[in-house]
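Close look at the chain arrangement
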Amino acid sequence: MTEQSEASDIDADVVVVGLGTMGSMALWRIARRRNLRVVGVEQYGLVHSHGSFTGESRVFRTAYHEGTRYVPLLLSARDIWHELEADSGRQLLLEVGTLTIGHAGEPAVENVLASIREYELPHQVFDAKELRSSYPQHSVGDDAMGVLDLYGGGMRPELSVFSAIESAAANGATVLDHETVLNVEADGSGVVVTTERRVIRAKRAVIAQGSWARRLNPDLAAVLTVQPLPLTWFMPHHLELFTPDRFPAFIRDEGPVHFFGAPSLDGYSVKVTPRRFHDPVADVDEVPKTISAEKLSEIGHLAQEFFPDLNPEPVHWSVHHDAFTADKVPVIDAGLDGRVLTLAGFSGHGFKLAPGVGEIAAQFVNDEESPLLASDYSLAAHLR
Ligand SMILES: Cc1cc2nc3c(=O)[nH]c(=O)nc-3n(C[C@H](O)[C@H](O)[C@H](O)COP(=O)(O)OP(=O)(O)OC[C@H]3O[C@@H](n4cnc5c(N)ncnc54)[C@H](O)[C@@H]3O)c2cc1C
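Residues numbered from 1 in each chain as written. Predicted model: local features only at pLDDT ≥ 70, side-chain atom pairs only at ≥ 80, totals over all residues. Heavy atoms only, no water.

A cluster of nonpolar side chains, contributed by Met235, Tyr268 and Val315, occupies part of the molecular surface with about 240 Å² of accessible area. With respect to the element layout, methionine 235 can be found in strand β15 (residues 225-236). (Patch = residues over 30% accessible without salt bridge, like charges linked within 9 Å, V, L, I, M, F, W, Y side chains within 5 Å. Areas by Shrake-Rupley, 256 points an atom, 1.4 Å probe, with all protein chains shown as cover. Salt bridge = Lys/Arg side-chain N within 4 Å of Asp/Glu carboxyl O. Helix = DSSP H or I, 4+ residues; strand = E, 2+ residues; numbered from the N terminus.)

Here it is in structure tokens:
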């Protein structure tokens, strides 16, 4: 699968820069049509530990806190997730539901309910009493309400990226790893992509650099920040309450406190993760590697308040990162006279969307309309 040895120049139809979340999906969606020679380039090894896709699980949901506008893209992504599962023979999306717990009238809850109404999404609504009897893992106040998105659930991010790269390679994509792209520029009617080893000439490029995006494209520096994002896991006293058959993925808001997480996937811990609290950084290399002991203790005690069965000591934790735009709307932009598609700024909610975004990339390189592409995804709209 990996072509490592000779650094000979390559002619292709399409180059995909970055084989993390969006790049792996774009590579797969382009390769599966088998009409274009496509090359993917990744600076690290394949499915490495430095990207925004790491951390065991991601939450999938279609009744969307961020607004109803994303629902068509989410429903399309859901279908393509199932296609990748069929291609790879792996379960990538555990459709155990995603439970939103909040309060009537809150913008996130209202967006969830509006998504359900507008798109007739399968769901269940709970008052506080019903929440307590159906989901005793959660401790909730008397004014809480819950909405279970039945299309929601947990995703396996590392397995998903791995599966997309494998399927792309099986469909003829060339995959180059441990090779950093240094420059992308227009040349004649195509693009020249210069890596640390070679030159790749192609008709089009798709650039999906995640938190590294500001490095190749200085215009993105004006619209993207690199945001450190923590993850924490806790051990329950009763693991059987937190297995995928009993415990949906969840997002909870209570005043300033925000937790999200997924059922136990490792057989001993549950991911219960707080709101981001580190300041944004100028470059991905500056993402802090640590969380202070005081902060971990504070998170642990809050987690136990919300989930009384949890031991308050995080059994493991890590700090990740993602590129954010100010309004969390991604940048999907055709630049360099329509030769380069930039996919960036997925702002902490992009994983679930990735196969849909990959399909947009496949439409772009095939000169097709993308019905799911909104005009405010463009870089110009972000710069306004
Ligand atoms: C802790 C955390 C929790 C999250 N939770 C959720 C969730 O529950 N649900 C959800 O939908 N989303 C979630 N997200 C968001 C989602 O994971 C990200 O939006 C998504 O993974 C971003 O994908 P990306 O392709 O932009 O970046 P990445 O996946 O990081 O991919 C970028 C790739 O480009 C490569 N690259 C960069 N520069 C170069 C270069 N010059 N040459 C070659 N390769 C290069 C990188 O090495 C990397 O592999 C979460 C994110 C984090 C960090």
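Strand β12 (residues 190-195) sits mainly inside the fold: five of its six residues count as buried. Where strand β11 (residues 181-187) and β12 come together, six bridges link them in antiparallel fashion. Considered in β12, the bridge of valine 184 is made with valine 193. In this antiparallel pair of consecutive strands, β11 and β12, the connection spans two residues, and glycine 188 shows a positive phi of 55°. In this sheet, strand β13 (residues 199-202) lies alongside β12 in antiparallel orientation, the contact comprising four bridges. Directly across from valine 191, in β13, lies its bridge partner alanine 202. (Buried < 20%, exposed > 50% of the residue type's maximum accessible area, 1.4 Å probe, protein only. Pairing = 2+ DSSP bridges.)

Now for helix α2 (residues 71-88). For an α-helix the count is 3.6 residues per turn, leaving residues at separations of three or four pointing the same way. An ideal rise of 1.5 Å per residue puts 26 Å on 18 residues; α2 measures up with 25 Å between its terminal C-alpha atoms. The positive-phi residue at the C-terminal boundary of α2 is glycine 89, with phi of around 70°. (Expected span 1.5 Å × (residues − 1).)

Phi at lysine 328 is positive, roughly 65°, even though this residue is not glycine. Mapped onto the elements of the fold, lysine 328 is located in the loop between β19 (310-324) and β20 (331-335). Notably, serine 347 is not glycine yet its phi reads approximately 50°, a positive angle. Note on placement: serine 347 falls in the loop between β21 (340-344) and α8 (354-365). On the accessibility criterion, serine 347 (1% relative accessible area) is buried.

This part covers the site of the ligand. Taken together, the neighbourhood of the ligand is formed by 32 residues, with Thr21, Glu42, His48, Asp322 and Lys352 sitting nearest. With respect to the ligand, the backbone of valine 59 contributes an N or O atom lying 2.8 Å from an oxygen atom. The contact in question runs from an oxygen atom of the ligand to an N or O atom on the side chain of aspartate 322, over 2.6 Å. Computed on the free molecule, the ligand has an accessible area of 1000 Å², of which 97% lies beneath the protein chains in the complex. (Near = heavy atom within 4 Å. Polar contact = N/O pair within 3.5 Å; in protein donor to acceptor, adjacent residues only side chain to side chain.)

If you look at the biggest cluster of nonpolar residues, it comprises 48 residues, and the most contacted ones within it are Trp81, Val206 and Leu343. Per-domain counts for this core show at least three residues from each of domain 1 (10-53 + 158-224 + 327-383) and domain 2 (58-155 + 225-324). Apart from residues lying up to four places away in sequence, leucine 343 is in contact with Met22, Val206, Ile207, Ala208, Gln209, Val331, Ile332 and Val357. (Core = buried A, V, L, I, M, F, W, Y, C linked by side-chain atoms within 4.5 Å. Domains from an automatic or database assignment. Contact = heavy atoms within 4.5 Å.)

In many reports, interface size means the accessible area that the parts give up when they come together. When its domains are assigned, the protein resolves into domain 1 (10-53 + 158-224 + 327-383) and domain 2 (58-155 + 225-324). The C-alpha-based centres of domain 1 and domain 2 are spaced at 27 Å. With 42 residues of domain 1 at the interface, the matching set in domain 2 holds 34 residues. Area buried by domain 1 at its contact with domain 2 is led by Ser211, Lys352 and Leu372, which between them contribute 19% of it. (Buried area = accessible area lost by both parts, 1.4 Å probe.)

With respect to the helices and strands, the residue proline 330 is situated in the loop between β19 and β20. Using a relative accessible area of 3% as the deciding quantity, one classes proline 330 as buried. On a C-alpha basis, the gap between proline 330 and tyrosine 135 in space is 34 Å, while along the polypeptide they are 195 residues apart. Once you skip the residues sitting within four places of it in the chain, proline 330 turns out to touch Tyr70, Ala344, Gly345, Phe346, Asp376, Tyr377 and His382.

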